[in-house]
Amino acid sequence: STPEITLNSGTTIPQVGLGVWQATDEQTEHIVRFAIDEAGYRHIDTAAAYGNEAGVGRGIASSSVPRDDLFVTTKLWNSDQGFEPALAAFDASLARLGLDYVDLYLVHWPLLDDQRLLRTWDAMEEIASSGKAKAVGVCNFEPRHLKLLADRGGLLPAVDQVELHPHLPQTDIRATAAELGIAVESWSPLGGTSGSGWGPASKPNTLLTDPIITRIADRHSKTPAQVLIRWHLQNGLIVIPKSVHEDRIAQNIDVFDFELSELDLSEIATLDDGTRVGMHPDEMNLGAP
Ligand code: A2P
């Protein structure tokens with residue numbers, strides 16, 4: 001079964017989860033049920049902004065695994081930041097999911113406006129103490145955003161979910177997160193979409209066809225995606241590969257029968273060139289409303 005990481009909330013998170021960004025609501029219902037019942041996933045990562053929380057809820061309801069054995073994450077969209085808006089958005093997410101709690105609720109992006117971000121975090125702390133989110137955290141936070149919350153005092157995020165893969169190993173964020181006891185989750189762990197991607201900075205996927213990755217995959221008789229997922233696991237990261245294809249969904253969690261060697265890891269380390277497939281938080285231009 002999938003290894004778990006203990007969060008600073010005291011709850012545990014399965015280290016591999018299914019990402020559903022860019023899956024339609026209908027696709028999501030199908031792939032969530034498949035992932036749980038056929039492939040053995042126990043962790044699903046969605047967001048209000050993905051437009052498929054209802055599909056996640058139907059997929060869970062139609063699966064044969066009890067809710068309490070699953071780990072469900074959703075996220076607060078930017079336009080709902082602030083104290084009251086965040087509380088209302090959280091309740092709306094729960095209603096769409098058809099759940100009475102989530103395991104993890106995340107702020108989707110930081111804001112340029114620190115004061116509003118802090119009011120959002122007040123709401124996240126209230127949501128955590130209500131028990132309706134077993135843990136709360138953030139996404140796309142740079143070290144300075146994490147330090148803002150640390151300086152505030154009170155509850156710290158359980159996780160920071162950031163774009164992270166061998167081209168962008170996010171060394172600074174991981175060091176700050178480690179100091180503060182915050183777990184790191186990798187989005188676009190396989191190097192992102194093979195298509196046009198999202199946002200002005202988005203780029204096509206080059207990792208899945210990278211010669212270093214494919215050579216290592218051949219060495220282990222595994223696929224490039226499986227090599228990349230092992231890289232995240234062996235780096236202590238939580239990883240949420242996205243696919244809408246059953247064979248790939250199954251493949252992406254079939255990663256516990258091999259290990260990358262020191263040589264493999266040192267070869268992969270040479271791929272660090274800082275390239276992103278998604279948006280940098282500063283590019284989001286998220287000011288006050
Ligand atoms: P698809 O959903 O069509 O399978 P990331 O998780 O880094 O954002 O990247 C996921 C991208 O890689 C998606 O475009 C997904 O497309 C594709 N993908 C996911 N799993 C695999 C796999 N095992 N082999 C090849 N491509 C994959």
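Preceding this paragraph is the structure being described.
Because the structure is predicted, anything quoted here is derived from the model rather than measured.

A. Region of the structure containing the overall build of the protein. When helices and strands are tallied, the protein shows ten helices and ten strands. Relative to the compact-globule value of 19 Å for 289 residues, the protein shows a C-alpha radius of gyration of 18 Å, a close match. Considered along the principal axes of its C-alpha atoms, the protein spans approximately 55 × 40 × 35 Å. A total of 289 residues make up the protein; the buried ones form 47% of that total. By sequence separation, contacts in the protein at least 24 residues apart represent 72% of the contacts at least 6 residues apart.

B. How the structure looks around the site of the ligand. Not every one of the 19 residues close to the ligand is listed here, only the nearest: Ser 188, Leu 190, Ala 225, Ser 243 and Arg 248. Among the elements that take part in the shell around the ligand, helix 9 (residues 246–253) stands out by supplying three residues, more than any other. Among the residues making up the shell around the ligand, the classes are represented as six nonpolar, eleven polar and two charged.

C. A look at the environment of Phe 141. Note that Phe 141 resides in the loop between strand 7 (136–139) and helix 5 (143–152). Separated by 82 residues in the primary sequence, Phe 141 and Thr 223 place their C-alpha atoms 31 Å from one another. Not counting the four nearest positions on each side in its chain, Phe 141 is found in contact with Pro 110, Leu 146 and Asp 160.

D. Quick look at the environment of Asp 25. Its location among the elements puts Asp 25 in helix 1 (residues 25–37). Its 16 C-beta neighbours within 10 Å are what place Asp 25 among the partly exposed residues. With 33 residues separating them along the chain, Asp 25 and Arg 58 place their C-alpha atoms 9.5 Å apart. Those residues within four positions of Asp 25 in sequence are excluded, and the remaining contacts are Gly 51, Asn 52, Ala 54 and Gly 55.

E. Seen up close, helix 3 (residues 83–97). The end-to-end C-alpha distance of helix 3, which contains 15 residues, comes to 22 Å, matching closely the 21 Å that a straight helix rising 1.5 Å per residue would cover. Listed as buried for helix 3 are Ala 86, Ala 89, Phe 90, Ser 93, Leu 94 and Leu 97. The arc that holds every buried residue of helix 3, seen down its axis, measures 140°, which confines them to one face. Among the exposed residues of helix 3, those oriented more than 90 degrees off its buried face are Glu 84, Asp 91 and Ala 95. In this structure, the buried residues of helix 3 make contact with helix 2 (53–62), strand 5 (71–76), strand 6 (104–107) and helix 4 (114–130).

F. Representation of the packing of helix 3 against helix 4 in the model. The interhelical angle for the contact between helix 3 and helix 4, taken along N-to-C directions, is 40°, at an axis separation of 7 Å. In terms of axis orientation, helix 3 runs oblique to helix 4. Our pair here, helix 3 against helix 4, has a crossing hand that is right-handed. Contacts between helix 3 and helix 4 pair Phe 83, Ala 86, Leu 87 and Phe 90 from the former with Arg 119, Thr 120, Asp 122, Ala 123, Met 124, Glu 126 and Ile 127 from the latter.

G. Molecular detail of helix 9. Within helix 9, the full set of buried residues consists of Ile 249, Asn 252 and Ile 253. Buried residues of helix 9 fall within an arc of 90° about the axis and therefore sit on the same side. Residues of helix 9 that are buried make contact with strand 3 (18–19), helix 1 and helix 8 (224–234).

H. A look at the sheet that holds strand 10 (residues 238–239). Pairing within the open sheet is parallel, and its eight strands lie in the order 3-4-5-6-7-8-9-10. Looking at the sheet topology across the chains shown, the edges are occupied by strand 3 and strand 10. Pairing of strand 4 (residues 43–45) with strand 5, which is carried by three bridges, proceeds in the parallel orientation. When the bridges of strand 5 are listed, Ile 44 appears paired with Val 72. Along the sheet, helix 3 contacts strand 5 and strand 6; its crossing angle with strand 5, the most-contacted strand, is approximately 140°.

I. Looking closely at unusual backbone geometry. Its identity as a non-glycine residue notwithstanding, Gln 22 has a phi of 75°, on the positive side. Position of Gln 22 relative to the elements: it lies in the loop between strand 3 and helix 1.

J. Up close: the packing of helix 5 against helix 6 (residues 171–180). As a packed pair, helix 5 and helix 6 sit with axes 9 Å apart at the nearest point and diverge in direction by 20°. By the angle class used here, helix 5 and helix 6 are roughly parallel. Here helix 5 and helix 6 pass one another in a crossing that is left-handed. Here helix 5 contributes Pro 143, Leu 146 and Ala 150 to the contact with helix 6, which in turn contributes Asp 172, Ile 173, Thr 176, Ala 177 and Leu 180.

K. Seen up close, the pairing of strand 8 (residues 159–163). Within strand 8, five of the five residues are buried, which leaves the element mostly enclosed by the surrounding structure. Crossover handedness for the path strand 7 to helix 5 to strand 8: right-handed. The pairing of strand 8 with strand 9 (residues 183–187) spans five bridges and is classified as parallel. Paired with Val 159 across the two strands is Ala 183, which belongs to strand 9. Remark: the strand 8/helix 6/strand 9 crossover connection has right-handed handedness.

Reading guide: rules and limits
Numbering of residues starts from 1 in every chain and runs along the sequence as written. For this predicted model, a pLDDT threshold of at least 70 governs which residues receive local features, and a threshold of 80 or more governs which side-chain atom pairs are given and counted, while totals over whole chains, interfaces and linings are taken from all residues. Numbering of helices and strands runs from the N terminus, with a helix taken as a DSSP run of H or I at least four residues long and a strand as a DSSP run of E at least two residues long. Atoms counted for the radius of gyration: C-alpha only. Globule rule: 2.2 Å times residue count to the power 0.38. For every residue, the other C-beta atoms within 10 Å of its own C-beta are counted; 20 or more classify it as buried, 12 or fewer as exposed, and values in between as partly exposed. C-beta atoms are placed from the backbone. Residues are defined as contacting one another if the C-beta atoms placed from their backbone atoms lie within 7 Å. Think of it this way: take the backbone, place a C-beta atom on it, and check whether that atom is within 6 Å of the molecule or strand, in which case the residue is near it. Gly falls in the polar group here, along with every residue not listed as nonpolar (Ala, Val, Leu, Ile, Met, Phe, Trp, Tyr, Cys, Pro) or charged (Asp, Glu, Lys, Arg). The span you would expect from a helix comes to 1.5 Å times its residue count less one. The directions from the helix axis to the C-beta atoms form the arc being described. Between the N-to-C directions of two axes lies an angle of 0 to 180 degrees, each axis being a line fitted to C-alpha atoms and, for a helix, fitted only over the stretch in contact. Roughly parallel covers angles under 35 degrees, roughly antiparallel covers those over 145, roughly perpendicular covers 65 to 115, and oblique covers all other angles. By definition, turning the near helix anticlockwise from the far helix through less than a right angle yields a left-handed crossing, and turning it clockwise yields a right-handed one. A pair of strands counts as paired when DSSP detects no fewer than two bridges linking them. For the handedness criterion, the strands are oriented away from the viewer, and a crossover whose path from the first strand over the helix to the second runs clockwise is classed as right-handed.

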